[in-house]
Amino acid sequence: MKAILKNWGIGGWSRRLIAAAAIFSILHTSLAAQEAEAIDYLPQGAADILWLVVAGLLVFFMQAGFAMVEAGLTRAKNASNIMMKNLMDFSLGALVYWAIGYTLMYGESGNGFFGWDSSLLLMNSATLGTDNATSAGWFFQVVFAATAATIVSGAMAERTKFIAYCFYSLIISALLYPISGHWIWGGDGWLASMGMRDFAGSTVVHSVGAWAALAGAILIGPRKGKFTKDGQVRAIPGHNMPLAALGVFILWFGWYGFNPGSTLAAVDGIAHVAVTTTLGAAAGAVAAMITTWIMFKKPDLSMSLNGTLAGLVAITAPCASVSTGSAVIIGLVAGILVVLSCYALEHFLKIDDPVGAISVHGVCGAWGTLSIGLFGSQAIDVLYWDETSCIKDGLFMGGGFSQLATQAIGVVSVFAFTFVTAFILFFILKKTIGLRVSEEEEDKGLDICEHGVESYPNFGIEADRT
């Protein structure tokens with residue numbers, strides 16, 4: 001190359017630049033050909049599985065977000081306890097969902113109330129080794145189960161015995177989430193047969209966790225000093241608002257696996273779901289900020305963060321079936337609802353929920369599920385797995401009075417099942433191993449009393465033990 005250019009009378013830096021450009025062009029052409037060849041050999045089924053696994057990884061990262069939000073909105077003396085609970089939500093939950101939860105949710109029992117399939121019990125190793133579709137489906141669902149479980153942690157924070165919480169976490173991943181999920185997502189579930197729609201889990205995931213949290217918060221009672229003798233509400237500020245804000249941003253990021261991933265396939269509708277998810281979250285944050293500004297004369301950070309989550313929870317059910325304008329309306333309503341709901345729970349019902357989990361995930365989850373009947377208008381491609389192959393189909397999630405009535409039946413039914421079952425579970429725990437730590441342990445903090453550690457040693461945590 002250099003000799004040819006020299007013969008042409010081109011020398012010095014010009015010759016070097018021309019030679020480098022020629023080499024780059026050859027390499028670029030070669031790499032493009034290899035990339036095209038790779039794409040040719042990547043079947044759609046493999047792309048679908050890859051997308052499902054990547055989306056599952058994003059949802060798994062939400063566990064870190066939940067842990068940070070809960071720790072930031074509570075006191076420093078309980079931060080390690082909160083991290084332990086969030087770690088065990090996933091770790092214990094993954095084991096029991098592998099053992100029994102997945103078959104209760106997706107087994108083809110035919111009874112409409114719970115699934116059963118012996119080939120899915122303990123997620124048979126032969127099935128996992130040969131059926132990548134089943135493996136991807138299990139992985140995507142187990143991170144959803146962990147999300148439902150961890151919602152309760154925030155509502156019962158700072159006064160719950162760790163051993164009692166572990167028992168609860170096992171039950172929600174083994175029974176409560178899978179059975180509710182089978183009703184709506186299990187194919188032959190009785191609510192699915194009625195036509196109920198919950199695309200990514202406003203009810204199946206978020207409301208299930210929230211209604212269990214409501215039962216636990218009622219039975220365990222408020223934190224010491226939360227309410228005065230005359231019933232006035234006493235603020236107990238969180239110790240680290242930047243940590244809580246970081247947690248919300250992580251959750252927002254992870255939600256792009258939660259909602260778009262629920263297409264269960266690499267299809268065109270992913271982009272629309274990502275857009276409606278973004279708009280719902282943004283509208284929720286703005287609405288909560290404005291609402292607190294009007295009510296309390298200051299734009300409140302903690303409630304604005306919860307407004308973001310409220311918008312995300314609300315748009316989770318209808319994200320695939322509403323227009324972008326409807327997504328904004330759904331988020332705006334959620335942002336207002338979460339502020340009013342948190343206020344009502346504290347001031348009128350005297351329920352102590354340190355992070356607002358019941359309002360964010362329960363009230364706004366119900367609103368999002370109902371909103372399909374009000375705003376549902378379009379179809380999206382989704383993926384259905386059968387025993388041998390993957391099948392793409394169009395799922396229409398339209399609105400109307402009939403659909404609204406069906407959605408309401410689903411919301412009420414899941415509330416009744418989850419709340420009653422969780423209330424019985426927490427009542428049994430309270431009467432046996434105990435549900436709440438002693439007043440002395442609550443004063444000292446659960447980090448020291450339950451785990452023997454301090455999250456922030458030598459940083460003046462003694463002042464927080466009041």
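In short, a report on the structure. (Residues numbered from 1 in each chain as written. Predicted model: local features only at pLDDT ≥ 70, side-chain atom pairs only at ≥ 80, totals over all residues. Heavy atoms only, no water.)

Here we look at the overall build of the protein
Here is step 1: If you tally the helices and strands in the protein, you get 17 helices and 2 strands.
Here is step 2: The contacts in the protein between residues at least 6 apart in sequence include a share of 77% that link residues at least 24 apart. (Helix = DSSP H or I, 4+ residues; strand = E, 2+ residues; numbered from the N terminus. Contact = heavy atoms within 4.5 Å.)

Some points on the packing of aromatic side chains
A ring pair, where both rings are aromatic, is described by two values, the distance of the centres and the angle of the planes.
Here is step 1: Under the counting rule described, the total for this entry stands at 19 aromatic pairs.
Here is step 2: Between Trp 255 and Phe 258 the ring centres are 5.6 Å apart and the planes differ by 40°, which places this aromatic pair in the tilted class. Here Trp 255 and its partner Phe 258 are both found in helix α10 (residues 241–258), 3 residues apart, which amounts to about one turn of the helix.
Here is step 3: Measuring from centroid to centroid gives 5.4 Å for Phe 415 and Phe 419, while their planes differ by 15°, and the two rings are stacked. With Phe 415 and Phe 419 both in helix α15 (residues 401–431), this residue pair falls 4 residues apart, about one helical turn.
Here is step 4: Under the relative-accessibility criterion, Phe 415 is labelled partly exposed at 30%. (Phe/Tyr/Trp six-rings, centres within 6.5 Å; stacked < 30°, edge-to-face > 60°. Buried < 20%, exposed > 50% of the residue type's maximum accessible area, 1.4 Å probe, protein only.)

Focus on the packing of helix α6 (residues 132–155) against helix α9 (residues 202–220)
Here is step 1: Here α6 crosses α9 at 30°, and the two axes come no closer than 8 Å. With respect to α9, the axis of α6 lies roughly parallel. Once α6 is placed against α9, the crossing between them reads as right-handed. Across from Phe 144, Thr 147, Ala 148, Ile 151, Val 152 and Ala 155 in α6, the residues of α9 making contact are Val 205, His 206, Gly 209, Ala 210, Ala 212, Ala 213 and Ala 217.
Here is step 2: Grouping the amino acids of the contact of α6 with α9 by side-chain chemistry returns 10 nonpolar, 3 polar and no charged. (Axes fitted to C-alpha atoms, helices over the stretch in contact; angles between N-to-C directions. Parallel < 35°, antiparallel > 145°, perpendicular 65-115°, else oblique. Left-handed = near helix turned anticlockwise from the far one by under 90°. Nonpolar A, V, L, I, M, F, W, Y, C, P; charged D, E, K, R; others polar.)

A short note on the pattern of salt bridges
Here is step 1: As enumerated under the stated definition, the model contains 9 salt bridges in all.
Here is step 2: Among the ionic pairs, Arg 223 bridges to Asp 352, the shortest N-O distance being 2.8 Å. Here Arg 223, found in the loop between α9 and α10, pairs with Asp 352, found in the loop between α13 (324–347) and α14 (357–375); they are 129 residues apart in sequence, far enough to count as distant. Asp 352 shares its class with Arg 223; the two are buried.
Here is step 3: Across the salt bridge formed by Glu 346 and Lys 226, the nearest N and O atoms sit 2.9 Å from each other. Placement of the pair is Glu 346 in helix α13 and Lys 226 in the loop between α9 and α10, with a sequence separation of 120 residues.
Here is step 4: Residue classification places Lys 226 among the buried positions, given a relative accessible area of 4%.
Here is step 5: Where salt bridges share partners, they join Arg 75, Glu 158, Arg 223 and Asp 352 into one cluster. (Salt bridge = Lys/Arg side-chain N within 4 Å of Asp/Glu carboxyl O.)

Some words on the nonpolar core
Here is step 1: By size, the foremost hydrophobic cluster in this structure holds 99 residues, and its most contacted members are Phe 144, Tyr 168, Tyr 177 and Phe 426.
Here is step 2: The biggest single contributor to this core is α6, with 13 residues.
Here is step 3: In this structure, Phe 426 is in contact with Val 152, Met 156, Tyr 168, Ala 212, Ala 215, Gly 216, Leu 219 and Leu 435, ignoring residues within four places of it in sequence. (Core = buried A, V, L, I, M, F, W, Y, C linked by side-chain atoms within 4.5 Å.)

Looking at a nonpolar patch on the surface
Here is step 1: Nonpolar side chains collect at one region of the surface, where Met 295, Phe 296, Ile 336, Leu 340, Tyr 343, Phe 348 and Leu 349 lie side by side and expose about 670 Å² of accessible area between them.
Here is step 2: Taken together, the elements giving at least two residues each to the nonpolar patch come down to α11 (269–296) and α13.
Here is step 3: At 3 residues, the largest contribution of residues to the nonpolar patch is made by α13. (Patch = residues over 30% accessible without salt bridge, like charges linked within 9 Å, V, L, I, M, F, W, Y side chains within 5 Å. Areas by Shrake-Rupley, 256 points an atom, 1.4 Å probe, with all protein chains shown as cover.)

Here's the deal with the environment of Arg 436
Here is step 1: Inspection of the secondary structure assignment puts Arg 436 in the loop between α15 and α16 (439–444).
Here is step 2: Take Arg 436: its relative accessible area is 25%, and that puts it in the partly exposed class.
Here is step 3: Expressed as a C-alpha distance, the spacing of Arg 436 and Ile 220, which sit 216 residues apart in the sequence, is 6.3 Å.
Here is step 4: If we ignore the near neighbours within four places in the chain, the residues touching Arg 436 are Arg 159, Lys 161, Ile 220, Gly 221, Pro 222, Arg 223, Lys 224 and Glu 442.
Here is step 5: A polar atom in the side chain of Arg 436 sits 3.4 Å from the backbone oxygen of Gly 221.
Here is step 6: A distance of 2.7 Å separates the side chain of Arg 436 from the backbone oxygen of Pro 222, its partner in a polar contact. (Polar contact = N/O pair within 3.5 Å; in protein donor to acceptor, adjacent residues only side chain to side chain.)

Here we look at the packing of α11 against α13
Here is step 1: As a packed pair, α11 and α13 sit with axes 7 Å apart at the nearest point and diverge in direction by 40°. Judged by the inter-axis angle, α11 sits oblique to α13. In the packing of α11 onto α13, the handedness of the crossing is right-handed. Residues Val 275, Thr 276, Leu 279, Gly 280, Ala 283, Gly 284, Ala 287, Ala 288, Thr 291, Thr 292, Met 295 and Phe 296 of α11 pack against Thr 324, Ala 327, Val 328, Gly 331, Leu 332, Gly 335, Ile 336, Val 339, Leu 340 and Tyr 343 of α13.

Structural notes on the side chain of Asp 353
Here is step 1: Its place among the elements puts Asp 353 in the loop between α13 and α14.
Here is step 2: This buried residue, Asp 353, is left without a salt bridge; Arg 159 holds the nearest opposite charge, at 6.7 Å.
Here is step 3: If we skip the residues at most four places from it in the chain, Asp 353 touches Gly 154, Ala 155, Ile 358 and Ser 359. (Lys, Arg positive; Asp, Glu negative; His and termini not counted.)

Here we look at unusual backbone geometry
Here is step 1: Although it is not a glycine, Glu 158 sits at a positive phi angle of roughly 75°.
Here is step 2: Structurally, the position occupied by Glu 158 is in the loop between α6 and α7 (162–185).
Here is step 3: A positive phi angle, close to 55°, is found at Lys 350, a residue other than glycine.
Here is step 4: With respect to the helices and strands, Lys 350 occurs in the loop between α13 and α14.
Here is step 5: Lys 350 gets classed as partly exposed once you look at its relative accessible area, which sits at 33%.

Remember that the coordinates give geometry; whether it matters functionally is a separate question.
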